[in-house]
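Commentary on secondary and tertiary structure
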Amino acid sequence: MADKASGRERKPRITVKDLARDLNMSVSTVSRAFHPHAVIAQQTRDAVLKRAQEIGYRPNPFARSLITKKTRIVGLVVSDITNPFYPEVVTRMTEDLRAYGMNVMLVAAQAPKEIDDAVRLLLTYQPDLAIILASRLSPEVRDECEAQGTPVVFFNRLSEDDHCFGVSCDNRVGGAMVADFLIDRGHERLAYIAARPDASTNVERRAGFVQRAIERGLEEPVCVEAGLFSYEAGYGAAAAYGALPVRPDGVFCANDILAIGFMDGVRRELGLAIPQDLSVVGFDDVAMAAWPSHGLTTVRQPVEAMLKSTVDIARKVSAHAATEPFVQRIAPTVLVERQSTRDRHAD
C-alpha cells in the first residue's frame, strides 16, 4: 500500500495471528505473554516477547480490550500546563505508569473551564482511569465517568465530594510549616499571596498558614488576592502588596511560580530587596526555584509518595480490584531554605 503523503510503500500491520503463526503457537498463548499477570511459562513469554520485537509486532490495546474489558489506558488531564510543577509531575507519572504496562494518554485543556470537554474527549477512548491534575470536574461529567465505569483520581487537588479518589499533599501542614519557619526567624508581620479561590490547594495552604500564625500569637496575616497560580498574577500582586498601609516582612505565596513573579514585581516595580526588605516563601520546589536568579525558599511537595499512591490506584483499577474511592493527604516534611529568606534576629 502506498503512503500518499510520502510516496513510500506502507508496510502492512503485523497482527497477533501473524505472530502466533510465526511461532507456531496458539493466539491465546501469544496474547497471554503480553499480560504481566497472566499464567504462562516464563520461557514461553520470553520467546514471544523476543520474536515480537524482532518482527516489529506491537499489541493493539483496543483489540485486546474486547477480551479483557480493560484498555490499560490511563488518561492524564491537565489545564495548568504552564505551571512548571505539572510538566515535571506528568513526565514522572507517565514513566511510572508505563513501567507497569499502562498506556498513557495526555489531554491538555487551555483553561480550567475546558476540562469537562477534555474529559469527554478522553472517555471516547474508554480509559481504565482518568487522572485530573490542577483542576475541578463538573458533577455532570463526573457522573458520565461513573456511568462508563471510569474511576477518577484528582492529583494535587481534591473533589468537593467523596465520589472520586484524591491524592494530595497535606497543604494545611505545609502552610503551618511556613508560618513556623518565618516566625522562628523573627518575622512578625505576615502576608499570604493567594491564587485561585476555588482551588483546594490554595484554600488549605492559606488556612494552615493563618491558623498557625494566630496560634503563635501574631495578628492574622494579610491576604493579597492574586487570583491565579501564575507568574503574571504574582507580578501583579506586588502592586497590591506595595499599597498596604504597613508592609509585611514575611510573605508566603501559594506556589513557586506565583512567588517568582511576586519577587520580580517587588524588585522591579517597588525597588525592594529580597531578603533584606522582606522574606518570600513558595510551595512546590519546582526545579527553577533553585536557580541562582530566584533562590526561592519553598516547601517541597512529597511528590514521590504522591506518585506512588496514584500509580497504586491505577494498578488496582486496571486489575479489576474493587476499592471504594478514598482521599489520601501526604504531609510534606521538607522546607528548603534558600536566599529569598533571612533571619531577622540578626538585625
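These numbers were taken from a predicted model, which means no experiment stands behind them.

Describing the pairing of strand β7 (residues 222–225)
- Note that strand β6 (residues 190–194) and β7 share four bridges and pair parallel. From the neighbouring strand, I193 faces β7, where its bridge partner is V224.
- Following the backbone out of β6, through helix α9 (residues 200–215) and into the adjacent parallel β7, one traces a crossover that is right-handed.

Things to note about the pattern of salt bridges
- Scanning all chains against the criterion turns up 21 salt bridges.
- Between D22 and R51 there is a salt bridge, and its shortest N-O distance comes to 2.6 Å. Of this pair, D22 sits in helix α1 (residues 16–23) while R51 sits in helix α3 (residues 42–55), placing them 29 residues apart in sequence.
- Since its relative accessible area comes to 40%, D22 is described here as partly exposed.
- Judged by relative accessible area, R51 falls into the partly exposed class, the value being 26%.
- The residue E54 makes a salt bridge to R51 at a minimum N-O spacing of 3.0 Å. Within this pair, E54 and its partner R51 are both found in helix α3, separated by three residues, close to a single helical turn.
- Three or more residues are tied together by salt bridges with common partners; here these are D180, D184, R212, E215 and R216.

Description of the environment of T297
- Structurally, the position occupied by T297 is in strand β10 (residues 297–300).
- Residue classification places T297 among the buried residues on the basis of a relative accessible area of 0%.
- When the C-alpha positions of T297 and T341 are compared, they lie 6.5 Å apart, and in sequence the two are 44 residues distant.
- Leaving out residues up to four positions away in the same chain, T297 has contacts with F181, V280, V281, G282, L335, V336, E337, R338, Q339, S340 and T341.
- Of note is the side chain of T297, whose polar atom sits 2.8 Å from the backbone nitrogen of R338.
- Here the side chain of T297 touches T341 through a polar contact of 2.8 Å, side chain to side chain.

As for the state of the cysteines
- Taken as a whole, this structure holds zero disulfides when the rule is applied.
- C145 takes part in no disulfide bond, and the closest cysteine sulfur to it belongs to C164, at a distance of 7.6 Å.
- With relative accessibility at 1%, the residue C145 sits in the buried group.
- C164 gets classed as buried once you look at its relative accessible area, which sits at 4%.

Looking at the nonpolar core
- L76, M93, L97, I131, L133, F262 and V280 are the most contacted members of the largest nonpolar core, which has 72 residues in total.
- Residue contacts for M93: discarding those within four places in its chain leaves L76, I131, L133, F155, L307 and T310.
- Of all hydrophobic cores here, the second largest spans 16 residues; its members include V77, I132, C145 and C164.

Quick word on the packing of aromatic side chains
- Summed over all chains, the structure comprises eight aromatic pairs.
- An angle of 85 degrees between the planes, with centres 5.5 Å apart, marks the rings of Y241 and F262 as edge-to-face. In this pair, Y241 is assigned in helix α10 (residues 231–242) and F262 in helix α11 (residues 256–268), connecting sequence segments 21 residues apart. In this pair, the class of Y241 matches that of F262, namely buried.
- Through pairs of rings, three or more aromatic residues link up here, namely Y192, F209, F252 and F283.

A few points about the packing of helix α6 (residues 115–123) against helix α7 (residues 139–148)
- The interhelical angle for the contact between α6 and α7, taken along N-to-C directions, is 15 degrees, at an axis separation of 10 Å. It follows from the interaxial angle that α6 and α7 lie roughly parallel. Pair α6 / α7 crosses with left-handed handedness. Contact residues: α6 offers D116, V119, R120 and L123, while α7 offers V141, E144, C145 and Q148.
- Tallied by class, the residues present in the contact of α6 with α7 amount to four nonpolar, one polar and three charged.

Some points on the packing of α10 against α11
- Direction vectors running N to C along α10 and α11 enclose 45 degrees, while the axes themselves pass 6 Å from each other. Here α10 is positioned oblique relative to α11, judged by the angle of their axes. Here the hand of the crossing between α10 and α11 comes out right-handed. Mapping the contact onto sequence places Y231, A233, G234, Y235, A237, A238 and Y241 in α10 and I257, L258, I260, G261, F262, D264, G265, V266 and R268 in α11.
- Split by residue class, the contact of α10 with α11 holds eleven nonpolar, three polar and two charged.

Some thoughts on unusual backbone geometry
- The omega torsion across I274 and P275 is 15 degrees, close enough to zero to call that bond cis.
- As for its position among the elements, P275 is in the loop between α11 and β9 (279–284).
- A positive phi angle, close to 65 degrees, is found at N156, a residue other than glycine.
- Looking at where N156 falls in the secondary structure, it is placed in the loop between β4 (152–155) and β5 (165–169).

Rules of the game
- Residues numbered from 1 in each chain as written.
- Predicted model: local features only at pLDDT ≥ 70, side-chain atom pairs only at ≥ 80, totals over all residues.
- Heavy atoms only, no water.
- Pairing = 2+ DSSP bridges.
- Helix = DSSP H or I, 4+ residues; strand = E, 2+ residues; numbered from the N terminus.
- Right-handed = clockwise from strand over helix to strand, strands pointing away.
- Salt bridge = Lys/Arg side-chain N within 4 Å of Asp/Glu carboxyl O.
- Buried < 20%, exposed > 50% of the residue type's maximum accessible area, 1.4 Å probe, protein only.
- Contact = heavy atoms within 4.5 Å.
- Polar contact = N/O pair within 3.5 Å; in protein donor to acceptor, adjacent residues only side chain to side chain.
- Disulfide = S-S within 2.5 Å.
- Core = buried A, V, L, I, M, F, W, Y, C linked by side-chain atoms within 4.5 Å.
- Phe/Tyr/Trp six-rings, centres within 6.5 Å; stacked < 30°, edge-to-face > 60°.
- Axes fitted to C-alpha atoms, helices over the stretch in contact; angles between N-to-C directions.
- Parallel < 35°, antiparallel > 145°, perpendicular 65-115°, else oblique.
- Left-handed = near helix turned anticlockwise from the far one by under 90°.
- Nonpolar A, V, L, I, M, F, W, Y, C, P; charged D, E, K, R; others polar.

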